[in-house]
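Here is how the chains run, residue by residue.
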Amino acid sequence: FFFFFFSSRRRHTRYISVTGVQTCALPISINKNRFVLIDEGKSLLHPTYIKDLVECIIQSLESKIKNEIIIVAGERPISVKRFTALISSIFGKKSVNFKIPYSFASHYVDFVEPFATFFKFDPILTKSRLKFFTESRSFDIKKAKELLDYNPIKLAEGLEETIEWYKKNNLL
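Now for a quick tour of the structure. (Residues numbered from 1 in each chain as written. Predicted model: local features only at pLDDT ≥ 70, side-chain atom pairs only at ≥ 80, totals over all residues. Heavy atoms only, no water.)

**Here we look at the overall build of the protein chain**
- Per the secondary structure count, the protein chain includes seven helices and eight strands.
- For the protein chain, the residues scored as buried account for 42% of the 172 residues in total.
- Total accessible area computed for the protein chain in this model is approximately 10700 Å², and 54% of it derives from carbon and sulfur atoms. (Helix = DSSP H or I, 4+ residues; strand = E, 2+ residues; numbered from the N terminus. Buried < 20%, exposed > 50% of the residue type's maximum accessible area, 1.4 Å probe, protein only. Areas by Shrake-Rupley, 256 points an atom, 1.4 Å probe, with all protein chains shown as cover.)

Structure representation (structure tokens):
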């Protein structure tokens, strides 16, 4: 499984980390106008609202389903460009328009990461972040819908709840 999820509730940490990606960092960087699109933002993300994921886990534990692999994801994939535009609109800001080619981003990462390791700082862009924003992910959630009666929250609604929670808790 790969889950890229977003949540409106967190406890002890400032970020939810999923395979090295800090999901809170995306709305923060967009809100502060510090996000750039790599390769036009064409790759696909398939975000999953954490409440949907938890609901499916509970439902699967309470069901008689055995030995099934069920993929839980949002209602449909969305391009990085459209995803960041949606977040920008929730903040009442213009869409992210600054773009850099993949080759530039890749060379930047190759150059900066060794210095970051040596001088112990977190670079803005890392290999894992570059991979996250440039490799497409799209999943078939038909089995979750059939076996768990899964009906994912609309992406815009989940993001609005998430961003509102971040604001309410002074994280943005």
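**Observations concerning the nonpolar core**
- Membership of the largest hydrophobic core comes to 18 residues, with the highest contact counts inside it found for L26, F35, F83, I87 and L159.
- Looking at this core, the elements with two or more residues in it are α1 (25-31), α3 (80-91), α5 (127-134) and α7 (155-168).
- When residues in this core are grouped by element, the largest group, six residues, is from α3.
- Within the second largest apolar cluster, 10 residues are counted, among which are I50, I141, A144 and L148. (Core = buried A, V, L, I, M, F, W, Y, C linked by side-chain atoms within 4.5 Å.)

**Considering the environment of K131**
- Looking at the element boundaries, K131 is found in helix α5.
- Expressed as a C-alpha distance, the spacing of K131 and S106, which sit 25 residues apart in the sequence, is 9.5 Å.

**Notes on the packing of aromatic side chains**
- Under the defined criterion, the tally for this structure stands at four aromatic pairs.
- A centroid spacing of 5.4 Å and a plane angle of 70 degrees characterise the contact between F35 and F133, whose relative ring orientation is edge-to-face. You can see F35 sitting in the loop between α1 and β4 (37-38) and its partner F133 sitting in helix α5, a full 98 residues away along the chain.
- Relative to F133, the ring of F132 lies with its centre 4.9 Å away and its plane at 90 degrees, an arrangement referred to as edge-to-face. (Phe/Tyr/Trp six-rings, centres within 6.5 Å; stacked < 30°, edge-to-face > 60°.)

**Observations regarding a nonpolar patch on the surface**
- A cluster of nonpolar residues, F111, F115, F118, F119 and F121, forms a patch on the protein surface that exposes about 610 Å² of accessible area.
- Of note, F121 is situated in the loop between α4 (102-119) and α5. (Patch = residues over 30% accessible without salt bridge, like charges linked within 9 Å, V, L, I, M, F, W, Y side chains within 5 Å. Salt bridge = Lys/Arg side-chain N within 4 Å of Asp/Glu carboxyl O.)

**Remarks on the environment of K81**
- In this structure, K81 sits in helix α3.
- You can call K81 partly exposed: its relative accessible area is 37%.
- For the pair K81 and S95, spaced 14 residues apart in sequence, the C-alpha to C-alpha distance is 8.4 Å.
- Ignoring sequence-local partners within four residues, the contact set of K81 consists of L37, E40, G41 and K99. (Contact = heavy atoms within 4.5 Å.)

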